[in-house]
Number of protein chains: 4
Amino acid sequence: MLTLEQVERVMGAATVAAEAAGVAMNIAVLDEAAQLKAFVRMDGALLGSIDVALGKARTSALFRMNTEAVFEFCKPGGPSFGLENTNGGLVVFAGGCPLIDEAGTVIGAIGVSGGSPDQDGEVALNAAKTLL
Amino acid sequence: MLTLEQVERVMGAATVAAEAAGVAMNIAVLDEAAQLKAFVRMDGALLGSIDVALGKARTSALFRMNTEAVFEFCKPGGPSFGLENTNGGLVVFAGGCPLIDEAGTVIGAIGVSGGSPDQDGEVALNAAKTLL
Amino acid sequence: MLTLEQVERVMGAATVAAEAAGVAMNIAVLDEAAQLKAFVRMDGALLGSIDVALGKARTSALFRMNTEAVFEFCKPGGPSFGLENTNGGLVVFAGGCPLIDEAGTVIGAIGVSGGSPDQDGEVALNAAKTLL
Amino acid sequence: MLTLEQVERVMGAATVAAEAAGVAMNIAVLDEAAQLKAFVRMDGALLGSIDVALGKARTSALFRMNTEAVFEFCKPGGPSFGLENTNGGLVVFAGGCPLIDEAGTVIGAIGVSGGSPDQDGEVALNAAKTLL
């Protein structure tokens, strides 16, 4: 089960990485059942990316994979046309990934938004690594 | 009219098939009016596919055809562009099919999600056959 | 964690109790994070009580108490005016209760609807006891 | 303008006060435009009070007053019958209050939920004071 102590480590790593990238980001952390655990909007982060960060974390928690991996299913010509419209709307570009503990259990997900998808994804993946 | 006894036969067949495929699945059964009749989430099934299973069953009940047949109408270049956005959102890849009784009457629909669309579709079709 | 085996015991007990009461009921079982695990609509149960059963189970899972206990907070003159309008709408009359395992852990919730609140509540409580 | 540094002070004070009260709480902080700035769910806090905490902060930000002060307008016999149903639903019992800086400017709002309204309100008011 995801603890606040773990979340604070993840959030700390994400904000440090965002600052290093010079981008103000929104960072959402959900538990393994996609329930909100913590959120931070860095000063100057885009308002429109609040919902994107939450959506990335939700998408990643619901499907236990990176957001860009969900895209492989619903991209043009992919096997699951329109999957992104289920569950009240998914976010299927980089920036969300599962949080996995030392034992290999998925205990939640992080969603990051504010930079390019590549930047967001790198911040999310690096932050998630702090739990390993 | 779909009875609970029929639903239990369908559900039983679907879970046996899912176990045989080695995939934890969500299985939804609706009646001919697309009203929820029964639902089962197998242990370990993806949370994100709860809504997908419900959506497949709803799509199939509303249009009395397999979900992948609805895709033929709304696929790129198809005759009904955007059909998947009606009815609060349809799910138009394999895994949903009508439930038809011995007399050939559509009495409901089943939606299965958790594996690949091919796996889901096979489980749904096999489960539906138990009513024939 | 709530298993399908436990859910089947709860569902079985609830439908037996509903049949004994002579009332067709809708029965919803959610996990401890309020995610749908199983649902059954008995033959003849009111369509309008599908959503009521789901709402009772959700209310009980979210607040880890019986639905009628949530009413004590939001009833006229209670301390939390309008609480029933949060979380997308709560259902705050009898028929929902937590599912608690032998170790005393809340592992989910059941919601029952179709009879009077008293009847629904009795069925829910009796079904929940099968896990103790 | 509300800064993350200020939010961290408020969040820190709120969690310390919640721990002192022995209650696991959800704490939401919004800016003066009612946009989400930060959120924390303490370990063990009720899932149902996530939405309540967000709703209290939103109500307080939108009306620049304590949530229980909004109740005076919409309580039975009050001048604004049904006000609580505007804005997508307000939360009008104690636990939300404006965040005011040294200069007397409203720069956001905090919403706290998890204990009794009295407990929540005390935590919110004490946390808000750290900005004065």
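Provided above is the structure to which this section pertains.
Residues numbered from 1 in each chain as written. Chains lettered and ligands numbered in written order. Predicted model: local features only at pLDDT ≥ 70, side-chain atom pairs only at ≥ 80, totals over all residues. Heavy atoms only, no water.

Enquirer: What should I look at first to understand the interface of chain B and chain C in this one?
Expert: The figure often quoted for interface size is the accessible area lost as the parts come together. The interface of chain B with chain C comprises 16 residues on the first partner and 16 residues on the second. Of the roughly 1,400 Å² buried where chain B meets chain C, counting both sides, 52% is carbon and sulfur surface. On the chain B side of the interface with chain C, the three residues burying the most area are L36, K37 and R41 of chain B, jointly 38% of the side's total. The interface formed by chain B and chain C holds four salt bridges in total. Measuring nitrogen to oxygen at the nearest pair gives 2.6 Å for the salt bridge that ties K37 of chain C to D43 of chain B. At the surface where chain B touches chain C, the tally comes to 13 residue pairs in polar contact (both at pLDDT 80 or more). Contributing elements (two or more residues each) for the side of chain B that touches chain C: β2 (36-41) and α2 (48-63) of chain B. Per-element accounting of the side of chain B that touches chain C gives the leading share, six residues, to β2 of chain B. One ladder, built from three bridges, connects β2 of chain B with strand β2 (residues 36-41) of chain C; its direction is antiparallel. The residue of β2 of chain C that forms the bridge with V40 of chain B is A38 of chain C. (Contact = heavy atoms within 4.5 Å. Buried area = accessible area lost by both parts, 1.4 Å probe. Salt bridge = Lys/Arg side-chain N within 4 Å of Asp/Glu carboxyl O. Polar contact = N/O pair within 3.5 Å; in protein donor to acceptor, adjacent residues only side chain to side chain. Helix = DSSP H or I, 4+ residues; strand = E, 2+ residues; numbered from the N terminus. Pairing = 2+ DSSP bridges.)

Enquirer: Help me understand helix α3 (residues 67-74) of chain D in this model?
Expert: Given 3.6 residues per turn, any residue in an α-helix points the same way as the ones three and four places further on. Residues and elements named next belong to chain D. Buried residues of α3: T67, V70 and C74, and no others. The buried residues of α3 occupy an angular sector of 50 degrees when projected down its axis, which confines them to one face. In the core, the buried residues of α3 are packed alongside α2 (48-63) and β3 (96-100). (Buried < 20%, exposed > 50% of the residue type's maximum accessible area, 1.4 Å probe, protein only. Arc of directions from axis to C-beta.)

Enquirer: Help me out: how do you make sense of unusual backbone geometry in this one?
Expert: For residues other than glycine, phi is negative in most cases, and the peptide bonds are mostly trans. Residues other than glycine seldom take positive phi values, yet A34 of chain B does so here, at roughly 65 degrees. Looking at where A34 of chain B falls in the secondary structure, it is placed in the loop between β1 (26-31) and β2.

Enquirer: Sorry, what's going on with the side chain of T15 of chain D here?
Expert: Residues and elements named next belong to chain D. Note that T15 resides in helix α1 (residues 4-21). Owing to a relative accessible area of 17%, T15 belongs among the buried residues under this scheme. Here G12 takes part through its backbone oxygen, which lies 3.0 Å from a polar atom of the side chain of T15.

Enquirer: Which parts of the structure should I look at to understand the packing of aromatic side chains?
Expert: The description of an aromatic ring pair rests on the distance of the ring centres and on the angle between the ring planes. In this structure the tally under the stated criterion is two aromatic pairs over all chains. Both rings, one in F81 of chain A and one in F71 of chain B, keep their centres 5.1 Å apart while their planes meet at 65 degrees; by these two values the pair is edge-to-face. One end of the pair, F81 of chain A, is in the loop between α3 (67-74) and β3 (96-100); the other, F71 of chain B, is in helix α3 (residues 67-74), on a second chain. Overall, the relative accessible area of 22% leaves F71 of chain B in the partly exposed class. (Phe/Tyr/Trp six-rings, centres within 6.5 Å; stacked < 30°, edge-to-face > 60°.)

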